[in-house]
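Each chain, letter by letter, is given below.
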Amino acid sequence: MSGYRLPTGGRVDRAKSVSFSFDGQSYTGLAGDNLASALVANGVTLFGRSFKYHRPRGILGMGSEEPNALVTVDRGPGRTTPNLRAPSVPLHSGLVASSQNRFPSLKFDLGAVNDKLGAFFPAGFYNKTFMWPRSAWEKLYEPAIRQMAGLGDSPTSRDPDHYASTYAHCEVLVVGAGPAGIEAALAAAQSGDRVILVDEQEEIGGGALADPAQWAWLTDARAQLLALSNVQLLERTTAIAHLHQNFVVAVQRLTDHVAPAQAQGAREKLWRIRAARVVLAQGAIERPLVFDGNDVPGVMLASAGRSLALRFGVAPGHAVAVMATHDSGWHDALALAKAGVHIVAIIDVRDDVSSDLLDAAGAAGIAVHLNHAVIGVGGRHAVKSVTIAAAGSSAARTLSCDCLLMAGGWTPTVHLWSHAKGSLRWDADWAAYLPDSIDDNVIAVGGGAGAWNYGSGVAVSNLPSPKPVHQQKAFVDFQNDVKARDIRLAVQEGFRSIEHIKRYTTNGMATDQGKTSNINGLQIASEVLSKPVTAVGLTTFRPPYTPQTFGALMGHHKDALFQPLRRTVIDDWAVANGAVFENVAQWRRARYFPQGSETMDQAVARECLAVRERVGMFDASTLGKIEVVGPDAAEFLNRMYTNPWKSLEPGRCRYGLLLREDGFIVDDGVSARLAPDRFHLTTTTGGAARVLGMMEDYLQTEWSDLDVWLTSTTEQYAVIAVQGPLARAVIAPLVAGIDLSHEAFPHMAVREGTICGVPTRLFRVSFTGELGFEVNVAAEHGLAVWQAIHEAGQAHGIVPYGTETMHVLRAEKGYIIVGQDTDGTLTPDDAGLGWAVGKKKPDFVGKRSLARPDIVGAGRKQLVGLLTKDPQVVLEEGAQIVADPAQPVPMTMLGHVTSSYHSATLGRSIALAMLVDGRAKLGETIYVPMPGGTIAAEVTGMVFLDPKGSRLDA
Amino acid sequence: MLLIHCPYCAEARPEVEFAYGGQAHIARPLDPSALSDADWEQYLYIRNNPRGRHHERWRHAHGCGRFFNAVRDTVTDKFEVTYPAGEAAR
Ligand SMILES: [Zn+2]
């Protein structure tokens, strides 16, 4: 057993014991512990199983660099969080945590057989082995790998927590509250600047937390910071991204450190901070050493051992050996010895360690082995011994111990510096990349800038060993199970760039982003390639610095706040009348109004027949509307739309077709000329903003000489479509000032007058093929006018109808819906709308493209109608069309079904489709292969009902 | 998130207020019908992809609504200058 609580020392509160559970077993820790320190205090060394080989693993580090000890914390239903690093999980009473990636139990794990087969899992294993056969991959390999490998499980139920977010601005943002960050914050605060200091730990102090000599200073500094009104101290807050112009994103953990029953308010808060100046004081991370057995539980970073003993009052082991290539390991060993931890020996690859350190070790009674290295570790679930040998010698000796600390030097934390596109320079003394230059107002200070004195050391890629590297289980990336031999193999197989080596071996690609592995991997690649490290390159750090919850990133943007829901003024009425809704371009629209136990098909059939036989009413308020005003309004529209507009008389409407410059349809709608200098445009519901933006673009940047003003009026008008042979009779009693007769008010005309006593722009238009009106009134009158029309219509059998019925009615007439029947690659001619193109116009947006060779050539897809041979079969929208269903797979696809419905009026199914050379195939039979069998259909024109349009003139 | 200086509002505002509008200073031909297919293709589709200074259009979509031009460095993402539409390239 390794680990125990020391009788004194640490920042834990020995008067407050805290009970918690790990893998179902109860333990007791102390207030101030984290999960890792509390478990080590209880003698637990085994924290998890590794990703690929399922090797037993303990903790490596005591900070956010920890790659091994990933746990799941269960805070109740929907509140499990996987892949948390045990040293970053604060202990609280009742904490429930469990290990991951083991089956059936942590001690006895079936997946560990992978470790015995390790020789068969080399670098690039996934790429190599599972390439063939494909069917085996889908049925065998992938499910097996998913079961055996991987990290924790995602929760499957809804997350009941809520998450907050905020913006903040300051003159100085300091990231990291170790001594350097605290000093920087205090100094900046003197000038009166607004200062924000963020730190990811439970308490500020960084490295000082494991140095009791600094505690008095720390207490005083924290009090100073809290007393300054211009300093905002954000503890438990991780700066995860440093983006352009000093925009830093941070996540503050608000409740995870207390028991769920005591948690109040948001769980986490996302901070978006814009700072004039950023001070990065992220410190440095100690580097593991690479040798056979360096992942046995109980082998950890010297800094972790120091933190356990001096910050948490927990000995990392009863008998601790220290393997150092750097002075800092000696300092740690001496500090641990002073704290009462038995140090078995200090082993150092160097033979020229300073006499001060040698004297201090001698005074502490610590055995020293210079010019030696650890060549093996005894024990599988816990360290039992280490074997050491002098360089170049095979004479080994074994030291009995239950913990081995590694002191491989330090890697400055330059993640955020790199996010902000700061450049790095290789520093040979540090054997690490240090911040160099950066465009934004950012400075790096402290250990993260290489400005910290940890003493000196040597960089070693692999510790010297008589054993060949390929026989060693010497890990570089602990979380992704990448060994030194994997990196060597990748280089042997021809990989040269560190970016490729990284992806082939997956070194540094786990959730820890290689915080402990990148530089070791780089050193090994450099050595094997016989190239300096700087010639091998460096992989890029990307946000986030540590993994975060989706909740924190989403903030309030979920459920009703996920995106805006737009409702028309008639929405309440639709709700009260039992409408079933669908969302269209953020608008909630009534889809149909079922009566009693009607299905959708039954309701739609009833609504369709009512419109064809009597009259229906439809809330068309979501139509995009743009008021186009100015002396050049007609000229402007003439240039934008395919149709001629200058000849349109006031009081008349026109169907407008809008293209992009590439000649493809982007929008359509019926628009009215109200006066020589005023048009009321309509667009598709989804296209309103896009069309306005496109028109503004041309008006501002191409034709700024035109005197035209565009105003969105979509939400200013409620629009009520009254459609059917009795439409005129329904509205006649309500309308004043407009002669509704066919002669005075023909199809495609507009009149202004009143309805129900309020002003209206009354359009005589039809998207159903029936006599129809669209009543535009100011939005505030929309509901009252709707109710009045509904009331007046009762005597005529009026029914409200929804979008589904609207779709069927328009399809019966072959009216297209842009975006459903078009896909951004259809020209007017492709869509059968060649008649809407002004042939005499010299120019309009997209005209030149209509003469491109690939637009005028044969073989284009054209919109046509389809009638299935079996009239009761309704084709599936999106289904593919072929000429010969007997051809071998993959078949030649000729197009697809764009709209398809059962038409109650026609007593059969109808469909629209895009079909190669469709209009040349009228009368031919095409086939739609479906899983249940092939469906035959005849190619027809697009108009299924009243092709002469006589119903419009009723 | 970038801060973008709108030359009309005369303020640096967050990127979310703006919409990107593609390469700048590509005038629509006055008489498209006079262009050959190759010249029309050039106007329609062919765009620069420089490493470094890039002239591009932006619109202060959720602000004043106006289009302007900018020079942005595609390596650093930094805006060198923004200026009103219609002015000569900087
Ligand atoms: Zn602006």
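Structure report, in brief.

**Quick look at the overall build of chain B**
When its secondary structure is counted, chain B shows one helix and six strands. When the helices and strands of chain B are listed from N to C terminus, the series reads β-β-β-α-β-β-β. Projected onto its principal axes, the C-alpha positions of chain B cover 40 × 30 × 20 Å. Out of the 90 residues in chain B, the part that is buried amounts to 36%. Pairs at least 24 residues apart make up 45% of the contacts formed inside chain B by residues separated by at least 6 positions. When the accessible area of chain B is evaluated, it comes to approximately 5000 Å², of which 50% is carbon and sulfur surface. In chain B, 11 positive and 12 negative side-chain charges are present, and the distance between their average locations comes to 5 Å.

**Some thoughts on the side chain of His369 of chain A**
Residues and elements named next belong to chain A. Take His369: it is sitting in strand S20 (residues 367-370). Since its relative accessible area comes to 10%, His369 is described here as buried. With near-sequence residues (within four places) excluded, His369 lies in contact with Ala345, Ile346, Ile347, Asp348, Ile388, Arg397 and Leu399.

**Notes on the coordination of the zinc ion**
All names here are of chain B. Here the zinc ion is held by Cys6 (SG), Cys9 (SG), His60 (ND1) and Cys64 (SG), and the distances to it run 2.0 to 2.3 Å. Each of the four donor atoms around the zinc ion contributes to a set of angles spanning 106 to 115 degrees, which defines the coordination as tetrahedral. Spacing between the donor residues of the zinc ion along their common chain follows C-x2-C-x50-H-x3-C. Remark: Cys64 occurs in the loop between strand S4 (53-59) and strand S5 (67-73) and Cys6 occurs in strand S1 (residues 3-6); sequence separation between them is 58 residues. Residue Cys64 is classed as partly exposed on the basis of its relative accessible area, which comes to 32%.

**Examining the packing of aromatic side chains**
All names here are of chain A. Inspection of the entire model under this criterion finds 19 aromatic pairs over all chains. Ring plane angle 80 degrees and centroid distance 6.2 Å describe the contact between Phe636 and Trp703, whose orientation is recorded as edge-to-face. Here Trp703 lies in the loop between helix H19 (688-702) and strand S38 (709-712) and Phe636 lies in helix H18 (residues 633-640), a separation of 67 residues in the sequence. With a centroid separation of 5.3 Å and an interplanar angle of 50 degrees, the aromatic rings of Tyr641 and Trp645 are classed as tilted. Through a chain of ring-to-ring contacts, the aromatic side chains of Trp573, Phe593 and Trp786 assemble into a single cluster.

**Considering the interface of chain B and chain A**
Interface size, as often reported, equals the accessible area lost upon joining of the parts. Each side of the interface is counted separately: chain B has 25 residues, and chain A has 27 residues. The interface formed by chain B and chain A includes six salt bridges. Asp77 of chain B is the partner of Lys421 of chain A in a salt bridge, and the nearest nitrogen-oxygen pair spans 3.9 Å. For the pair chain B and chain A, the interface holds 18 residue pairs in polar contact (both at pLDDT 80 or more). Taken together, the elements giving at least two residues each to the side of chain B that touches chain A come down to helix H1 (37-45) and S4 of chain B. Looking at which element gives the most residues to the side of chain B that touches chain A, the answer is H1 of chain B, with five residues. A per-class count over the side of chain B that touches chain A returns 14 nonpolar, four polar and seven charged.

**Focus on the pairing of strand S45 (residues 861-868) of chain A**
Residues in a regular strand project their side chains so that they alternate between the two faces of the sheet. Residue and element names in this part refer to chain A. Along S45, six of the eight residues are buried, which leaves the element largely enclosed by surrounding structure. Inspection of the sheet shows S45 paired to strand S48 (residues 908-916) by six bridges, in the antiparallel sense. Bridging from a neighbouring strand, Gln862 pairs with Leu915 of S48. Bridge analysis of S45 against strand S50 (residues 933-940) gives four bridges, and the strand direction is antiparallel. Its bridge partner lying in S50, Thr868 is registered against Ala937.

**Some remarks on unusual backbone geometry**
All names here are of chain A. The peptide bond linking Pro543 to Pro544 adopts the cis configuration, its omega dihedral lying at 0 degrees. With phi around 65 degrees, Lys421 is a residue other than glycine that occupies positive phi space. Position of Lys421 relative to the elements: it lies in the loop between helix H10 (415-419) and strand S26 (424-427).

**What about helix H22 (residues 803-812) of chain A?**
Owing to its 3.6 residues per turn, the α-helix brings residues three or four apart onto one side. Residues and elements named next belong to chain A. Within H22, ten of the ten residues are buried, which leaves it mostly tucked inside the rest of the structure. The complete set of buried residues in H22 reads Thr803, Glu804, Thr805, Met806, His807, Val808, Leu809, Arg810, Ala811 and Glu812. Two residues or fewer past H22, Gly814 is found with a positive phi of approximately 75 degrees.

Reading the values: rules and limits
- Residues numbered from 1 in each chain as written.
- Chains lettered and ligands numbered in written order.
- Predicted model: local features only at pLDDT ≥ 70, side-chain atom pairs only at ≥ 80, totals over all residues.
- Heavy atoms only, no water.
- Helix = DSSP H or I, 4+ residues; strand = E, 2+ residues; numbered from the N terminus.
- Buried < 20%, exposed > 50% of the residue type's maximum accessible area, 1.4 Å probe, protein only.
- Contact = heavy atoms within 4.5 Å.
- Areas by Shrake-Rupley, 256 points an atom, 1.4 Å probe, with all protein chains shown as cover.
- Lys, Arg positive; Asp, Glu negative; His and termini not counted.
- Charge placed at Lys NZ, Arg CZ, Asp CG, Glu CD.
- Donors = N, O, S within 2.8 Å, 3.2 Å for Na, K, Ca; no water.
- Tetrahedral: all angles 85-135°; square planar, octahedral: opposite > 155°, others 65-115°.
- Phe/Tyr/Trp six-rings, centres within 6.5 Å; stacked < 30°, edge-to-face > 60°.
- Salt bridge = Lys/Arg side-chain N within 4 Å of Asp/Glu carboxyl O.
- Polar contact = N/O pair within 3.5 Å; in protein donor to acceptor, adjacent residues only side chain to side chain.
- Nonpolar A, V, L, I, M, F, W, Y, C, P; charged D, E, K, R; others polar.
- Pairing = 2+ DSSP bridges.

In short, geometric facts, not functional conclusions.
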